[in-house]
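What follows is the residue order along each chain.
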Number of protein chains: 2
Amino acid sequence: MAEPKTRRPLADSTAVHDQVYDSIRQALITGKIAPGVGVSLRSLAAELGVSPMPVRDAVRRLVAERALAINPANKRLSVPSLTAERLEQLELARQWIEPELAARAAPRADEALVRKLKVIDQDLEEALRVGDVDGYMVANHAFHFAIYERAGAEVLLAMAGGLWLQIGPFMRVVFGRVGTGSLPADRHAEAMDALKAKDADGARRAIAADLSEGMDKMRAAVGAGAGLTAPPPTQTVITIP
Amino acid sequence: MAEPKTRRPLADSTAVHDQVYDSIRQALITGKIAPGVGVSLRSLAAELGVSPMPVRDAVRRLVAERALAINPANKRLSVPSLTAERLEQLELARQWIEPELAARAAPRADEALVRKLKVIDQDLEEALRVGDVDGYMVANHAFHFAIYERAGAEVLLAMAGGLWLQIGPFMRVVFGRVGTGSLPADRHAEAMDALKAKDADGARRAIAADLSEGMDKMRAAVGAGAGLTAPPPTQTVITIP
DNA sequence: GACCTTGCATTGTGATCGCAATTACGGGCT
DNA sequence: AGCCCGTAATTGCGATCACAATGCAAGGTC
């Protein structure tokens, strides 16, 4: 691991710690790392073929974003466990911020955005049909944030990103359990219509309804006692592609 | 710098990068580092008498919390400039999350909390009287978060903390310009009364009003054209006590 | 005098090493 | 067999070094 022969020019290209960040972030959002399990810097580094240093950087970011937790006594880090309290607060925050972003995006929406959303939504429905959980979650994320980015609200956008990062493991639990087929994408169509008409209030309502439906399912799954509080084992190796 | 003779036992005591984080965080909140100016890892490290490594860790956290910005081209980091857009979004987020936290804290408030708040509020008024800007801002922060912590809402509390961190530089501009005497603490008394009565809605209104007044002043100061967009010089050394 | 070029200092990034502490595991004792 | 303790491995943290790239400034050219 970590072959020093080919020195990466870095500079303009993405830094290594950013790639590591994206890898772990993807693994978290798609649920490749189960909540409650412990991870180690060196194991992640070996997994990704880099030195522990950029992994430390990436982990710092993720801890600051509450996507990873660090045991204050052990100083060992793990994926935050899924609790009903966390879910409730994350839901509340999402229900406030994401409709707001959609409403702000509406007057700035153009045809290119709607076209882009339509393509994403087709991918989403395709993933739904074949039962591709990862594909569905990636497409869903892309759909929402294609809208949110259009709001031009940097601060709110960053907050929404942090929320999704924290709620990712919940999503995986839900869709890995209930299956993806039960979540219709009707609200996405509503949202696209509202955006096309530059109807801010309509976009707000559509996103709010979309979130409600998704969160209802999550709450049901969590309430039904999904594998939430896994005992924190150590010495666990996770494969990140 | 960095004398390796006395090896810090660290372990249970706070790690160095945490102390560095707190130092920079304090410097940002109290406005010791002006917005727009550039900072460097090595200068900060020399200032604090540590190696650049823990500074990197602390800076990563702060960048993730949007308290520091990093130029994507330069990769040089600086304090985010104060723009009206940022202020507007931060105000919106604060107006939503902080009254919510206050409302959640109300039913869980006890006499010890009210006593603690009273002490903090006395310090606050003392700072106001003598014109101690730093003391005022520290006390104000302590007052609000003594309440918010009582809400028992970890996720929302962390979001509020991030918001304050981002809005700190704005506060400094306001109070360094307008002076501290013009902001009465009446709303704090209202909030304490509501908490004593476990009146959730009263606490929500009191905090909302308190925020409104403070943000009004900030918006006025920013609109009046405070030194917002400072040109980003390099090679700047900041003294952090 | 203005503009370009060259040189040096500084910066962020990553790798490697050392250290203290915790954890895991195995052998020995009761 | 069950428990306990000692040893080895693993972990996070911090320092130092190396390197590519950028920044600034002095010196040279037209």
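On a predicted model such as this, the values are computed, not experimentally measured, just so you know. Residue numbers here run from 1 along each chain, matching the order of that chain's written sequence. To read the labels, note that chains go from A and ligands from 1, taken in the order they are written. For a predicted model such as this one, the threshold for reporting local features is a pLDDT of at least 70, and the threshold for listing and counting side-chain atom pairs is 80 or more; totals across whole chains, interfaces and linings nevertheless cover every residue. Working from all heavy atoms in the structure, the side-chain values ignore hydrogens and water.

1. Here's the deal with the overall build of chain A
- Helix and strand counts for chain A come out as 9 helices and 3 strands.
- The way it works is that DSSP assigns letters per residue, a run of H or I at least four long becomes a helix, a run of E at least two long becomes a strand, and they are numbered from the N terminus. Starting at the N terminus and walking to the C terminus, you meet the elements of chain A as α-β-α-α-β-β-α-α-α-α-α-α.
- Here chain A holds 241 residues, and 49% of them are scored as buried.
- A sequence separation of at least 24 residues applies to 79% of the contacts in chain A between residues at least 6 apart. Burial classification: accessible surface area is computed with a 1.4 Å probe over protein chains only, and a residue below 20% of its type maximum counts as buried, one above 50% as exposed, and the rest as partly exposed. The contact criterion used is simple: two residues touch if any of their non-hydrogen atoms lie within 4.5 Å.

2. Here we look at the relation of the copies chain B and chain A
- Copies overlap after least-squares fitting; the atoms used are the C-alpha atoms of residues with pLDDT of at least 70 in both. Mapping chain B onto chain A leaves a residual RMSD of 0.1 Å; the transformation is a rotation of 180° accompanied by 0.0 Å of translation along its axis. The transformation relating the two chain copies, once decomposed into turn and shift, fits a two-fold axis.
- When the interface residues of chain B are mapped onto chain A, 100% of them again lie at the interface, so the same face is used by both copies.

3. Focus on helix H5 (residues 111–130) of chain B
Residue and element names in this part refer to chain B.
- Taking 1.5 Å per residue as the helical rise, H5 with its 20 residues ought to reach 28 Å, and the 29 Å between its terminal C-alpha atoms agrees with that figure.
- For H5, the set of buried residues is Leu-113, Val-114, Leu-117, Ile-120, Asp-121, Leu-124, Ala-127 and Leu-128. Buried residues of H5, seen end-on, are gathered within an arc of 135° and therefore sit on one face of the element. What points out from H5, more than 90 degrees from its buried face, is the exposed set Glu-111, Arg-115, Gln-122, Arg-129 and Val-130.
- On the buried face of H5, the contacting elements are helix H6 (133–150) and helix H8 (186–196). Here the expected length of a helix is defined as 1.5 Å per residue gap, with one fewer gap than residues. By arc we mean the arc of the directions from the helix axis to the C-beta atoms, nothing more.

4. What to know about the side chain of B:His17
- Structurally, B:His17 is set in helix H1 (residues 16–29).
- Overall, B:His17 belongs to the buried group, its relative accessible area being 16%.
- Discounting chain neighbours no more than four positions away, the residues touching B:His17 are A:Arg60, B:Pro54, B:Asp57 and B:Ala58.

5. Notes on the confidence of the model for chain A
- Scored from 0 to 100, pLDDT reflects the predictor's confidence in each residue. Within chain A, residue pLDDT values average 83, and 83% of them lie at 70 or more.
- Note that residues 1–12 of chain A has pLDDT below 50 and, in this model, 6 contacts with residues that lie over four places away or in other chains.

6. Quick look at the environment of B:Val20
Residues and elements named next belong to chain B.
- Tracing the sequence through the fold places Val-20 in helix H1.
- Look at Val-20 and you get buried, because its relative accessible area is 4%.
- Non-local contacts of Val-20, meaning those with residues more than four positions away in its chain, are made with Leu-48, Val-50, Pro-54, Val-55 and Ala-58.

7. Overview of the packing of helix H5 (residues 111–130) of chain A against helix H8 (residues 186–196) of chain A
Residue and element names in this part refer to chain A.
- Each axis is a line fitted through C-alpha atoms, taken for helices only over the stretch in contact, and angles between the N-to-C directions span 0 to 180 degrees. H8 packs onto H5 with a crossing angle of 175° between their chain directions and a minimal axis gap of 10 Å. One way to sum up the angle between H5 and H8 is to call them roughly antiparallel. Where H5 approaches H8, its residues Val-114, Leu-117, Lys-118, Asp-121 and Leu-124 are matched on the opposing element by His-188, Met-192, Leu-195 and Lys-196. An angle below 35 degrees is treated as roughly parallel, one above 145 as roughly antiparallel, one from 65 to 115 as roughly perpendicular, and anything else as oblique.

8. Examining the interface of chain B and chain A
- With 30 residues of chain B at the contact, the number on the chain A side is 30 residues.
- As a working definition, buried area equals the accessible area (1.4 Å probe) given up by two parts on being put together, with both sides summed. Carbon and sulfur atoms supply 62% of the area buried between chain B and chain A, which totals about 2,700 Å² over both sides.
- Any carboxyl oxygen of Asp or Glu within 4 Å of a side-chain nitrogen of Lys or Arg constitutes a salt bridge here. Counting every contact that joins chain B to chain A gives 6 salt bridges.
- Its salt-bridge partner being A:Arg104, residue B:Glu88 comes within 2.8 Å of it at the nearest N-O pair.
- Between N or O atoms, a polar contact is any pair within 3.5 Å; within protein, one atom must be a potential hydrogen donor and the other a potential acceptor, and residues adjacent in sequence are included only when both atoms are from side chains. In this structure, the connection of chain B to chain A is made through 14 residue pairs in polar contact (both at pLDDT 80 or more).
- Elements that contribute at least two residues to the side of chain B that touches chain A include exactly helix H3 (52–64), helix H4 (84–105) and helix H7 (154–178) of chain B.
- Gly is placed with the polar residues, together with every amino acid not listed as nonpolar (Ala, Val, Leu, Ile, Met, Phe, Trp, Tyr, Cys and Pro) or charged (Asp, Glu, Lys and Arg). For the side of chain B that touches chain A, the residue count by class is 14 nonpolar, 4 polar and 12 charged.

9. A look at the packing of aromatic side chains
- Aromatic pairing here means that ring centres of Phe, Tyr or Trp (its six-membered ring) are within 6.5 Å. Orientation follows from the plane angle: under 30 degrees is stacked, over 60 is edge-to-face, and everything else is tilted. Inspection of every chain in the model, using the stated rule, returns 5 aromatic pairs over all chains.
- Ring geometry for A:Trp96 and B:Trp96: centres 4.7 Å apart, planes at 0°, overall stacked. Remark: B:Trp96 occurs in helix H4 and A:Trp96 occurs in helix H4 (residues 84–105); the pair is interchain, linking two chains. Just as A:Trp96 is buried, B:Trp96 falls in that class too.

10. Some words on unusual backbone geometry
Residues and elements named next belong to chain A.
- The backbone of Lys-75 sits at a positive phi, close to 65°, despite the residue not being glycine.
- Among the structural elements, Lys-75 can be located in the loop between strand E2 (69–70) and strand E3 (77–78).
- Among the residues examined, Lys-75 registers a relative accessible area of 37% and is labelled partly exposed.
- Of note in the backbone geometry, Lys-198 takes a positive phi value of approximately 55° without being a glycine.
- In this structure, Lys-198 sits in the loop between H8 and helix H9 (200–223).
- On the basis of relative accessibility, which here comes to 44%, the residue Lys-198 falls in the partly exposed class.

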